[in-house]
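Observations on chain architecture
The chain contents come next:
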2 protein chains.
Amino acid sequence: MIDISSAISAINWTREPQGLYDPIAYTLASGGKRLRPTLALIAAGLYGKEEKALPAALALEIFHNFTLLHDDVMDQAPIRRGRETVHVKWDDNTAILSGDQMLIEAYKQLEGIDAVHLPHVLHLFSKMGTEICEGQQYDMEFETREDVSIDEYIEMIRLKTSVLLGAALEIGAYIADAPSADMEALEVFGTNLGLAFQIQDDILDVYGDEATFGKSIGGDILQNKKSLALLMALKHANADQLARLQGWLHSTDYVPQEKIAAVTAIYNEIGVRELCEAEQNRYTRIAIESLNRMSADAAPLMKLAEKLNNRAN
Amino acid sequence: MIDISSAISAINWTREPQGLYDPIAYTLASGGKRLRPTLALIAAGLYGKEEKALPAALALEIFHNFTLLHDDVMDQAPIRRGRETVHVKWDDNTAILSGDQMLIEAYKQLEGIDAVHLPHVLHLFSKMGTEICEGQQYDMEFETREDVSIDEYIEMIRLKTSVLLGAALEIGAYIADAPSADMEALEVFGTNLGLAFQIQDDILDVYGDEATFGKSIGGDILQNKKSLALLMALKHANADQLARLQGWLHSTDYVPQEKIAAVTAIYNEIGVRELCEAEQNRYTRIAIESLNRMSADAAPLMKLAEKLNNRAN
């Protein structure tokens, strides 16, 4: 079994100009779950060709970290995985340019794919990249909209998060010459796993443990982010709860920790955590059921899905 | 002969979310010289296969415009090709994200290349992209350095500008199955044409006509940009001229138009324009001489080089 973290660490970023490459090395060294490359390797491994998926796995992880780097500039997020973000440790321009270079580095990794599979992988990779940018654009547009529906939210996180997990599985399976029925099942698995994964992120942003989660708790609340938690709260609040919630959403002068505590208390009254967890579990179930339709033995993916569903970070 | 401007206009950017695609359409509709795609098409056309280079030509133009979009954010430049830059007309986040999407769109265009040529074109394209990012990084680092040499400057503009022209020619010729000796000659042509081109940009930034040039005149002077003009001035100034120049370089409180006029006057005393033009002409000559070594008839490139050498924008 390929150790993906070692494979990522083995990429040499000691190149000139250091000012361009140091932030890339810093970002990739910060760890994370390595979920996307792992999915690609597992998918190819189901057909006995794990090592053929390594270039794509590296491309996916570099791409994912590129999106984090640029998203953190756009959100002006201070912390990622328990460390200063690149735009804080360096500056915005460094984060923009090193991020651009990471995107190119992701494509460079695809050069390791054999010529037979390259055209379709290139197509899947760029399609994925486009959908992720579209998802990020919707996410930013939601910030200034008051009428975001839960359906719109789900479509946004499908684009921003699920598509990358789905592409990781599809590319891994395609490189390993999987039957097309399996690739379809993997796509359904990836999409629904991604939705469950992002919803859990929204839950952890309110109810997680800061040290384990690696980000500040309550960040979504402070930003009035249209997370599933907020959308569920707005949908299920009674008149009194809604009035208090709107009060906090429109307040401009407050002590951050007080706002976090007050909004969390309203969420607790409404039962937001349970409402979100029900959605998370529903998507996880659809994901796992889809694996049962596969010709290959999908036990490694089953195990991963269950582990993710109980994660704390 | 393919009309590259029409081919670029024919790309449909009416897609959702508009907030992501409108800035891309706006950027590509702003015209410009279409130099890079033209070079790719001419290079392939020398071997009778112009139309085979169209996907790469589009990729190169989209890539080039992506770099302008992000560079304008990093430089906080207000005007490009006589119009508001994207980060001014929209905002920084839009410019970052739409730029990211443009980079992906550039790679998407490469899907139109036949499978035989795709792997090497993908390699050349990413190599070019990397070198351009490295050039931009050096350019930014030079801003805070006092000891930039002319050699370092030339290496920076080679990366930031020449490499893209060289890659356009090389990719166009490669797709058209050109002999490798021709590809080497084209590379020398592209590199030197690019150096001449960028040096002329530096000259036009001081001595150009604002309406024709499409950018504010004197922008480099206001930013203390280490252009060839400034480096030549620092190198050839006498003690008195140097003292006056340093005075303006370190002044923080000035009327912009006065600084531009005063620094231009010092440049005139030193003869900076002539010093820079001599370099521009030298590189143009090397470029043109390289064409004489080719087996294909390079007349269209000769004509283009001469036209560029006398441009006003």
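Residues numbered from 1 in each chain as written. Chains lettered and ligands numbered in written order. Predicted model: local features only at pLDDT ≥ 70, side-chain atom pairs only at ≥ 80, totals over all residues. Heavy atoms only, no water.

Of the transformation superimposing chain A on chain B, the axial component is 0.0 Å and the angular component is 180°, with the fit at an RMSD of 0.0 Å. The superposition operator between the copies reduces to a two-fold rotation axis. (Least-squares fit on C-alpha atoms with pLDDT ≥ 70 in both.)

In a soluble, globular protein the nonpolar side chains are often hidden away together inside. Formed by 158 residues in total, the largest nonpolar core has its most connected members in Phe63 and Phe125 of chain A together with Phe125 of chain B. With near-sequence residues (within four places) excluded, Phe125 of chain B lies in contact with Ala59, Leu60, Phe63, Ala106, Tyr107, Leu110 and Ile171 of chain B. Val148, Leu245, Ile266 and Cys276 of chain A belong to the second largest nonpolar core, which has 30 residues in total. (Core = buried A, V, L, I, M, F, W, Y, C linked by side-chain atoms within 4.5 Å. Buried < 20%, exposed > 50% of the residue type's maximum accessible area, 1.4 Å probe, protein only. Contact = heavy atoms within 4.5 Å.)

Our focus in this paragraph is the state of the cysteines. Enumeration according to the criterion identifies 0 disulfides over all chains in this entry. The cysteine Cys133 of chain B is free of any disulfide, with Cys133 of chain A supplying the nearest cysteine sulfur at 15 Å. Residue Cys133 of chain B is classed as buried on the basis of its relative accessible area, which comes to 4%. (Disulfide = S-S within 2.5 Å.)

With 37 residues of chain A at the interface, the matching set in chain B holds 37 residues. Linking chain A with chain B are 0 salt bridges. Joining chain A to chain B, the criterion identifies 12 residue pairs in polar contact (both at pLDDT 80 or more). Within the residue set of the side of chain A that touches chain B, elements represented by two or more residues are helix H2 (18–28), helix H4 (54–75), helix H6 (92–109) and helix H7 (118–142) of chain A. Considering each element in turn, the side of chain A that touches chain B owes the most residues, 15 residues, to H7 of chain A. When its residues are assigned to classes, the side of chain A that touches chain B shows 19 nonpolar, 10 polar and 8 charged. (Salt bridge = Lys/Arg side-chain N within 4 Å of Asp/Glu carboxyl O. Polar contact = N/O pair within 3.5 Å; in protein donor to acceptor, adjacent residues only side chain to side chain. Helix = DSSP H or I, 4+ residues; strand = E, 2+ residues; numbered from the N terminus. Nonpolar A, V, L, I, M, F, W, Y, C, P; charged D, E, K, R; others polar.)

Below, the discussion takes up the pattern of salt bridges. Residue and element names in this part refer to chain A. Applying the stated criterion across every chain, the model contains 34 salt bridges over all chains. Note that Arg15 is salt-bridged to Glu105, the shortest N-O span being 2.8 Å. With Arg15 in the loop between helix H1 (4–9) and H2 and Glu105 in helix H6, this residue pair connects regions lying 90 residues apart in the sequence. Judged by its relative accessible area of 24%, Arg15 falls in the partly exposed class. The class for Glu105 is buried, based on a relative accessible area of 3%. Here Asp139 and Lys225 are joined by a salt bridge, their closest N and O atoms 3.1 Å apart. Taken together, the positions of Asp139 in helix H7 and Lys225 in the loop between helix H11 (219–222) and helix H12 (228–236) put the pair 86 residues apart, joining distant regions of the chain. According to the relative accessible area criterion, Lys225 is partly exposed, its value standing at 23%. One network of salt bridges, with partners in common, ties together Asp71, Asp139, Lys160 and Lys225.

All names here are of chain A. Mapped onto the fold, Ala167 is located in helix H8 (residues 150–175). What makes Ala167 buried here is its relative accessible area of 9%. For the pair Ala167 and Leu39, spaced 128 residues apart in sequence, the C-alpha to C-alpha distance is 9.3 Å. Other than its neighbours up to four places away in sequence, Ala167 contacts Met128 and Gly172.

Residues and elements named next belong to chain B. Under the 1.5 Å per step criterion, the end-to-end length of helix H6 (residues 92–109) is 26 Å for 18 residues, consistent within 8% with the ideal 26 Å. Taking burial as the measure, the 18 residues of H6 include 15 buried ones, the bulk of the element. By the N-cap criterion, in which a side-chain oxygen at the helix start approaches the backbone nitrogen of a residue two or three places on, H6 is capped by Asp91, the distance to Asn93 being 3.3 Å. (Expected span 1.5 Å × (residues − 1).)

Our focus in this paragraph is the environment of Ile157 of chain B. All names here are of chain B. Here Ile157 lies in helix H8 (residues 150–175). Taking C-alpha positions, Ile157 is 26 Å from Ala299, a pair spaced 142 residues apart along the chain. Look past the residues within four positions of Ile157 in its chain and what remains in contact with it is Ser162, Leu195, Gln198 and Ile199.

Topologically, Asn192 of chain B is positioned in helix H9 (residues 180–207). Here Val188 of chain B takes part through its backbone oxygen, which lies 2.8 Å from a polar atom of the side chain of Asn192 of chain B.

Residues and elements named next belong to chain B. Here Ala44 lies in helix H3 (residues 35–45). Note: C-alpha distance between Ala44 and Ala173 (129 residues apart in sequence) is 4.8 Å. Aside from chain neighbours lying at most four places away, what touches Ala44 is Lys49, Glu50, Ala53, Gly172, Ala173 and Ala176.

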